Structure formats: C-alpha cells, structure tokens
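Commentary on secondary and tertiary structure
Letter by letter, the chains look like this.
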Amino acid sequence: MRRARRAAAMAAPEHRRTALERVDKFISEIYFTDCNLRGRLFGDRCPLASLSCFQTPRRIPYDEAVGQEFRPAKVGDSFGPTWETCWFKVELSIPPAWVGREVHFIWESDGEGMVWRDAQPVQGLTKEGEKTSYILTSSLKETEPHSLTLYVELACNGLFGAGKGSMIAPPDPDRRFTLSKAELVVFNRDVYELLVDLEILLDMAKLLGEENQRSFQAMYAANQMVNVCDVKDPSTFSAARDLAAAIFSQRNGESQHTIHAVGHCHIDSAWLWPYEETVRKCARSWVTVVRLMEGNPELTFACSQAQQFEWVRSWYPGLYAQIQDFVAKGQFIPVGGTWVEMDGNLPSGESMVRQFLQGQRFFQEQFGRICSEFWLPDTFGYSAQLPQLMRGCGIRRFLTQKLSWNLVNTFPHHTFFWEGIDGSRVLTHFPPGDSYGMHGRVEEMLKTVNNRDKGRVNHSAFLFGFGDGGGGPTQKMLDRMKRMSDTDGLPKVEISTPDRLFSVLEKESSQLCTWVGELFLELHNGTYTTQAQIKKGNRECERILHDVEVLSTLALARGSAFQYPASQLQRLWRLLLLNQFHDVLPGSCIQLVVEDALQYYAEIRRAGARLQEEAVRSLCGELLQPKAGSAEGTLVLNTLPWERTEVISRTGPAGTQTLALVTVPSMGYAIVKEPLLPPQPVSVRKQEDGSIAMENGVIAVCLDAMGRLTSLRLAGSERESIPDGCCANQFALFDDVPLYWDAWDVMDYHLETRKPVTTLLKPLEITLAGGLRGSASFSLQVGESSTLTQEIILDATCPYLRFLTQVEWKEAHKFLKVEFPVQVRSTNTTYEIQFGHLQRPTHWNTSWDWARFEVWAHKWLDLSEHGFGVALLNDCKYGASAHRNVLSLSLLRAPKSPDATADMAHHQFTYAVMPHWGSFQDAGVIQCAYNLNFPLHAVPARSAQCPAWSAFSVSSPAVVLETVKRAEDRPEAVVVRLYEAHGSTVVAWLQTSLPVQEAILCDLLERPAPRGRLPLEQQGVRLSFSPFRVLSILLVLRQ
Ligand SMILES: [Zn+2]
C-alpha cells in the first residue's frame, strides 16, 4: 500500500511510448528478467531423481517400450536420427518443502513428446506448441506421494516434421533432437495471472489506436499496475490485478460483434510426416485437450476426420474412452462428417460421397449422431458439386477459410450462401481471422470483427489452437479469452460451438449474399499435377472399386450364395479415402508419405483384382473356361450403364493376344466367339512426306514425323479441327519455379517460358497396319534428359484418337504439357467435375478470369462452338487449361520440396482427342470419357450358347448410372446412384433385370426419403431429374 500511495501521489503526465515500452519490458521474456515480473514465473527448481532412455526405429506400444533395457541419459543429450523414437524413464521426487505449491514437470525438447503415467498417456509436450509443462499437482499435499515414475515417449521429429533448412524442405534424415530441459519447478500461478492481465492491456493499448479512448484507459491501467506491483512481494499482486479487472469488467453495448471461440487442432493426416506419426500426433494433441477440459469445463473443441478418431480408438483405447465422455458432455465436438479432410477438387463424385458415408456412419456409430457441418478449413479449392453432396449427407452448413490465401482476388465474403451446380445451397462461413489456428490474442479478435459481411451478420467463428502439425489449444489461450469475454472496446468473446454459431447465423441469414459455382483457390494450382503416380493411383482405384462393387452386386443379386465382400470393400475404400487427404492426393507431401500412399494403391489393386475375380466367378461361373488353355470363347464384361462396341484384346487358344470387335450390353456381359467385322476397317497410310494418315470411318487424322496432328477431321467432312499452320498434340516444356510452395504452386509467369518440345529421337513409324486397330509410334527428347515415347492408336468404330504415352521423367523445376490448338471459337470451355461439369472462360478479361490460368478437371474438357467441338479425354490427369483456342493438358511437374524425388520416375498415361458434331452432350463425349477410363473386362470362357445379359440400363443418355453397390445396412437391398450429366431437366427410366420388389428414393447416406417409394412399372422405375441432380435409390431384392 505504501508503494501504491506513493505512485498515486507522484502521478505525472505519461509519455505514451515510454509507458507502453515500460509495460512491455515488465513482462518481457528476453529483457530484464532478473528484475521483471516474467522472471518470477517459476520459483524453486529441482533436478530429476534419475533419467534413462531406450531408443527404437519403430513406433511401438507402451507395454513393449517399458519392458526394454533403459540406459542412463541426461539433459543436454541429443537423440536421432529423424523418425526414431526415444523412450525415457523419468524418476522424480518432489522436495517436501514444496507443500502447498503448484509443481510442474518441465520438459523441453525440439522433438514431440508424450508423457505416460500408470500406463496411460497423460500429456503431450511440444515446445513449438507452447506445451512444456506437465502439472504434477496444483497444490502439493503432505499426504500425497512425492516420488513417482513417468515415461516420456519422444518422437525424433518436430511439430512440422524435420525439414532441412526450411519448413517445406525435404526432411533431414540425420537430424538430432536435443533434450534441453527436464526438471521439477514451482509454478507461481499468481505471477502468471498478472502476466496475462498485462499482456492483454498492453495489446489493447497498442492495437485499439490513439483515436480510441479505451487504448488510453488500458495503457494507464497497465502503467499503474507496474507501479503498484513489487515483484518480490506477492502481497502487492492483488492490488494490481484489481486494476486490470476494473478495465476488463467494463461492459460492451448490445450491438457489439460476438466471437464464437472454438478450440481446434488442425492435424494433417500426413504431410511433412508419415501417417504413422499422425496417429501419435492425434494422441498427443487430444490428450492435452482432455487435460484442459478437466480444468476448464467451458472449453469446447471441434475435431474432424473420422479416420483420426478411428486411429485413436484402436491405438489409445483409454484416451478414447475419456474422449467419448467429453463428446457426451458436448465439449469434444466431432465435426466435418467426412473420413478425412479430403482434397476438394480431385476426388470423384462417388469418392466424395464415400468420404461422407464412411465419416457420418462412423460418427453415428461411435457418438450417436452425425455431424451437421462440413469442416474443410485447409484444402486447395472446392468443387461446385459439394453443396449438393453435403445436403445429401445431412449437412447444411460449411466452414472453411482457405480462400483467404487467394493470390490475386480477395474473396468478397466471410458469411454467405454457397450454391452448387444443381442449385443446392449451404450456409458457409470463413472465420474472418483467416486462420484455423488462433491464439486468443487481441489482434486476432480485432481482425475477426472485420467480417466482410458485418452489418449483415454479427457473429463470427474463431478457431484457437496450434494446428497443421497438431498441438491444439493451451491454457493461456483460454485465460486470455476469459479476460476478453465482454470488455468495452473489444468484441464479445464466447467459448462456443459450431452449432451455436451456425444457429445464430441461420437466424441472421436473411440479408446474406449468394456465391454461385466453384470456390476456386487462386493458388496451389500445381497440386492438380504434382505426384502423378498418386493421381493415377486415385483414378485407377476409384475405377477398381466401382467395378468390384458393380460385379459383386450383380453376383449377389443373381445368386444368393455369393458373399458380398462388404468388410473388405470398406477397408479398401478407407485406404483410398485416406489417400485423398488434402496433402496426399494433391502431392504436397514428403517422400515417406508418397511411398505409403503408393503401397495403399498397390493393396487396393491387389485385393480389388481378387475380389473382381471372385465376383465374376460367381456371376458367370458356368461360362468360364474349365481348365487353362482350353478357352474357346471370351466373356466380356461391361461395368458401364450403356451398350458398348469396342475393340478389345483377348487371349486366344494358344495364349496369344488377338484383337476383337465386340458389343456388350449395359452393365452386363456377352460371350464372344466370332468377333464382329467392323463397318469400316482402320486404314493407316504412310505418305511421301513421312506423315501418316489414319482413318476409321468416324474420324480421319494426319500426323507429322513428330507425332503432331496436322489434320483432324470427322470422316467424310471437310470441317478441319486443327487451325491452319498449327499442330496439335504439341508438347511444351515450361520453367516452373514458384515463389515458395514448390510442390503446390505453378505461377502465372511460367506461361512466359514456354518451349515447344521438338527434339526427335525416333520419327513416327506405323506399328499396327490397320484393320481393327491402327497405330504409329515415335519418341522425343524432353528437356535435358527425359524421353517420351508415344503410341497413337485408332480403333475401328472409335470416335476418338488415343495417345498412349510413356515418359522417363528426370527434370528439375519443369512443367510438361501437351497442347491442342483447335479451330473452335468460344468464350468458355467446359470441364468435367464431380457428377457434372462447369464452364470457365477462355479469355483473361478480368483478374478473376486470368487467375484461373491453370485449372482442374476430371475425365474430359471440351471446347465447342455451335454445331461442332473438340474434347480432350484422359485416364489419370487433373490439371488443364484453355486459353483462347488452345486446350492444354498438364502432364508432369518436377518440384523438389517437400519431396526431392517427386515424379522422378517412369510414367504411363493415356489421353485422347475427340472431334464431334453438335454439342458435347449429344456427341457422347461424357460416355466416351467413361469408356476410356473403364475398359471392358475380357475373360477366357467356353463357347457355350449364352445370350448377352444386362442388369441395368437407363433410357436417357443424359443420365449416368454411376454406382451400384449393396446397401450398407440392408443386405437384401442394392443402392444405385444416378446423376443428370447434360445439365438438363429430364425424365429417365431405370430398367433392371434384377429381381427388384421395391424401389425407394434415399439420400447419400442411404436413408430412405419420406414418401420415397417409387412405383415399379413395365418400363422400370421413372426418375425425374433437374440439371446435375444426383439421385440414390434403394432397390430391395426379392429373396
Ligand atoms: Zn492441412
């Protein structure tokens, strides 16, 4: 009191700068810690009684670890190399003199640690996540044991892996991780509270600005607190705290913006560390959340990704049980509804449905309810089909923020309705702080108030907690926000839930704007192309699982003895869905992750082939060849919902491969003995100038010695697709050096470095002379040391020309594309997306147009004018562009971070060009792209008499029957999923030869729609579609 009185008596005009810096130094971690308040945070210290360790290259369970032989260790030792694990046995003995004090076990290391006590994980310790204390007791009692044994599991990687030099550099394999502190300390809680008070007041004083009187009130209060506070005399602290409380308790008016603070911890399911480490990251982060919840019953925590819950469920059952308790209390809140936070661009429509189906079913099973908001804060764009898929999966709300990373245009909203290609709308919110990893600071609160839709809405989300590599919220973040809950000058801060936020936003939504179409991220456009083998694995495995489901379902419906491989399919789907995580499928991960991902694809291919064989054996067992080598015919299966006439390759009696033209009905099969004769054979002619002409009665092409198309026409027509003097199928190489995010970004300026590839290694030569198939091949040198060999193939009756391409890719920071200049004029190109398509401009009028200089598409893109167009199809590519009249397909990149070996390999891929009359819809471009991606299956068979068989067909070419599977919960029912693909309003009949007794409309989670019964009529089931509508139907089979 003596000091306080003196200070009051001597109050003098305050100089703003010296006052602010004075407070700053009083709480500084760097300056004057010998005499300031911060220097008093910790009291007495005591070394550990003993420390020993055991190191292993594997991530092993606790029980296995503690049985090992531990050797003495000490503070200052370092451990490694990268990715190894050190287990420490920590014996500690708290000095009896510390009775009544708060005692912490302090552990500082640059590796990520987990404290185990009594065989249970109890606390994650990560220096980078500001977690270095495990609280042993908040007030030591004489009666409690002072000695105990802990174990610390130390991962030899940091929160962000182990990048050598920079965060996204490839990991340094030889990194060492140092234990810099391990001891017991007395923690002075009263000093800590005062530090938090002063920090907030100082931030208010600095950040509210000199025109705001609250800035000065906070400054004078903080200065006065320094005056009254004698750091050596804790009895002076309460007077200082009262000064702070007086400011914090001055309330806001009713109109103030409300911030809904929700704890969060973004954990990338794999990124700069492998999947296996993520399992431990989840445990470290979530156990810390559980500890915080025990001491802070108001804390809420939004947690996404069913896969991560599943990891913790199987690896840490004790922790999982605690999490389930906090879920039941409404504090630990599952969100998102998906299996992982997937990439928002590249997964197929059906994959996205499965993300929700696997996710929502997991949440329902484990926690008794599905998620009501889609949660995808960190992905590189958002498909315009997502709103419909969300709505079909019980979700009307969406939270993300990544568009704040746009390089060119500022997205105009934080709260708005997002409308997809079919017209479905979801209420969408971007936390206006433009981050999912806030720390509860004044600055972030002020940024959040600056919601671009303020005035329309008065509530915003605020996600706090260390993220990306895990970590999550801290006590200090919570303590900051407690002080800011309702303080005049700052927004109101409530610890809230996503549901509370969206509920008030729904009430306030009458004035919100609507954004129609995709949410395109103007950055990270390289992720459509990087790690081509992952992209190829994704497309191929989507096809494999489609085919296995179709064939298994047909086998099930035809013969009740067949065991539908439901659990195996679930396992394979989950592997595929996991690889769609937003740093894996985009290719922005380290080499270790790529290796894991490719292994998962190999597993899907292997198991998928086996399952397909079993399904085919059950479906057509009596038709298959009885013993090897005696095949007389070929069984050809078609998993697509339209009849196909195509050239296939089949194994003849002597094991030789021969070609045959076959017709197979929709989703069914046919036995082929005598192949069809083509209406017109393929002719291949070498001309005098070395060029090669091919024609099949549908299209006619002319190729120069470098494999470039100099002419592409529809047979019998003079309408040329290639402009005069231009060549299509022209390869071009670009310099590809982004500003920072190597694997992620291709910048606009790469377009200025275009070099056509013109070094011929082997000129175009005929490889198949025609008949059922004509082909010619050539080789080019690409860049300094890469080579490209291409076989250009034209099949009888086929409306497109295929380019089977092999590349030995050995470049650095180069981007390979193939270009098709076409004689078509249109201001828009059409690109396939999930269950539909959309248009993007071919011009660069505005910044919104040119910022899309590199875009993504699925199986096709098309440039059409009235009556004529050219489509590009592909079997595993996603990057594309169309500027003016040039269509480009992005083939390969060569980034060096975070995987120095990215794409350095042999690549094989196929694309195709298809000129057409009329619109792409009427010309069947969509069906052709499916055909290219879903080859017919040919199996040696007897030459039995057997009529062709079709399970399903659809009466309208506008409607695609995409999925046929067994229902998840009803073994006697089949689910079929169809979508309107032309962008038209249409009625279609679904016909089936399966024994269906009941048809019921259902949602994407397979829940029957109210009044969803569909009459079974002579023509099948009548279905009405609006543009791009996705419909799912439960077909109950007769037993
Ligand atoms: Zn992420």
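These numbers come from a predicted model, not from an experiment.

1. A few points about the coordination of the zinc ion
Coordination of the zinc ion by the protein comes from His266 (NE2), Asp268 (OD), Asp378 (OD) and His582 (NE2), over a distance range of 1.9 to 2.1 Å. Metal-centred angles of 89 to 161 degrees between the four donor atoms at the zinc ion mark the site as irregular. The sequence motif formed by the donor residues of the zinc ion is H-x1-D-x109-D-x203-H. Pair noted here: histidine 266 is in the loop between strand S12 (258-264) and helix H7 (275-295) and aspartate 378 is in the loop between strand S15 (373-375) and helix H11 (386-392), with a separation of 112 residues, a long-range link. Given the relative accessible area of 4%, aspartate 378 is considered buried.

2. Thoughts on the nonpolar core
Among the nonpolar cores identified, the biggest contains 283 residues, and Phe332, Leu709, Phe820 and Phe952 are the most heavily contacted of them. The biggest single contributor to this core is helix H15 (residues 532-558), with twelve residues. Beyond its immediate stretch of four places on either side in the chain, phenylalanine 332 contacts Trp286, Val289, Met293, Phe301, Cys303, Phe309, Ile323, Phe326 and Val327. Core analysis: the second largest hydrophobic core is formed by 32 residues, Tyr134, Leu140, Leu148 and Leu150 among them.

3. Things to note about helix H8 (residues 306-315)
A large share of H8 lies buried, amounting to seven of its ten residues. Among all positions in H8, only Ala306, Gln307, Gln308, Phe309, Glu310, Trp311 and Val312 are buried. Its buried side turned inward, H8 meets H7, strand S13 (301-303), helix H9 (317-328), strand S14 (332-334), helix H10 (349-367) and helix H16 (566-579).

4. Observations concerning the packing of H15 against helix H17 (residues 591-620)
Here H15 crosses H17 at 25 degrees, and the two axes come no closer than 9 Å. Between H15 and H17, the angle is such that the two are roughly parallel. In the packing of H15 onto H17, the handedness of the crossing is left-handed. Classifying every residue of the contact of H15 with H17 gives 17 nonpolar, seven polar and four charged.

5. Observations concerning the confidence of the model for the protein chain
Mean pLDDT over the protein chain works out to 96, with 98% of the residues at or above the 70 mark. Scored below 50 in pLDDT, residues 1-7 shows seven contacts in the model against residues more than four places distant or in partner chains.

6. Considering the pairing of strand S2 (residues 50-56)
Along S2, five of the seven residues are buried, which leaves the element largely enclosed by surrounding structure. Pairing of S2 with strand S5 (residues 85-93), which is carried by seven bridges, proceeds in the antiparallel orientation. If you follow leucine 51 over to S5, its bridge partner there is valine 90. Of the pairings in the sheet, the one linking S2 to strand S3 (residues 71-72) comprises two bridges and is antiparallel in character. Looking at the pairing, serine 52 lines up with proline 72 of S3.

7. Some thoughts on the packing of helix H2 (residues 16-26) against helix H4 (residues 189-207)
Contact geometry of H2 with H4 gives a least axis separation of 10 Å together with a crossing angle of 155 degrees. Comparing their axes, H4 and H2 come out roughly antiparallel. Here the hand of the crossing between H2 and H4 comes out left-handed. In contact with Arg16, Leu20, Val23, Asp24 and Phe26 of H2, H4 contributes Leu198, Leu202, Ala205 and Lys206. Along the lines of polarity and charge, the residues of the contact of H2 with H4 split into six nonpolar, no polar and three charged.

8. With respect to unusual backbone geometry
For the bond running from glycine 80 to proline 81, omega is 0 degrees, close enough to zero to count as cis. Mapping proline 81 onto the fold places it in the loop between strand S4 (78-79) and S5. The peptide bond linking serine 897 to proline 898 adopts the cis configuration, its omega dihedral lying at 5 degrees. Residue position: proline 898 is located in the loop between strand S43 (886-893) and strand S44 (906-917). Its identity as a non-glycine residue notwithstanding, methionine 667 has a phi of 35 degrees, on the positive side. In this fold, methionine 667 is placed in the loop between strand S24 (657-664) and strand S25 (668-672). Non-glycine residue glutamate 1006 carries a positive phi angle of around 70 degrees. For glutamate 1006, the position within the fold is in the loop between strand S51 (996-1002) and strand S52 (1008-1014).

Parameters and conventions
Residues numbered from 1 in each chain as written. Predicted model: local features only at pLDDT ≥ 70, side-chain atom pairs only at ≥ 80, totals over all residues. Heavy atoms only, no water. Donors = N, O, S within 2.8 Å, 3.2 Å for Na, K, Ca; no water. Tetrahedral: all angles 85-135°; square planar, octahedral: opposite > 155°, others 65-115°. Helix = DSSP H or I, 4+ residues; strand = E, 2+ residues; numbered from the N terminus. Buried < 20%, exposed > 50% of the residue type's maximum accessible area, 1.4 Å probe, protein only. Core = buried A, V, L, I, M, F, W, Y, C linked by side-chain atoms within 4.5 Å. Contact = heavy atoms within 4.5 Å. Axes fitted to C-alpha atoms, helices over the stretch in contact; angles between N-to-C directions. Parallel < 35°, antiparallel > 145°, perpendicular 65-115°, else oblique. Left-handed = near helix turned anticlockwise from the far one by under 90°. Nonpolar A, V, L, I, M, F, W, Y, C, P; charged D, E, K, R; others polar. pLDDT = per-residue confidence, 0-100. Pairing = 2+ DSSP bridges.

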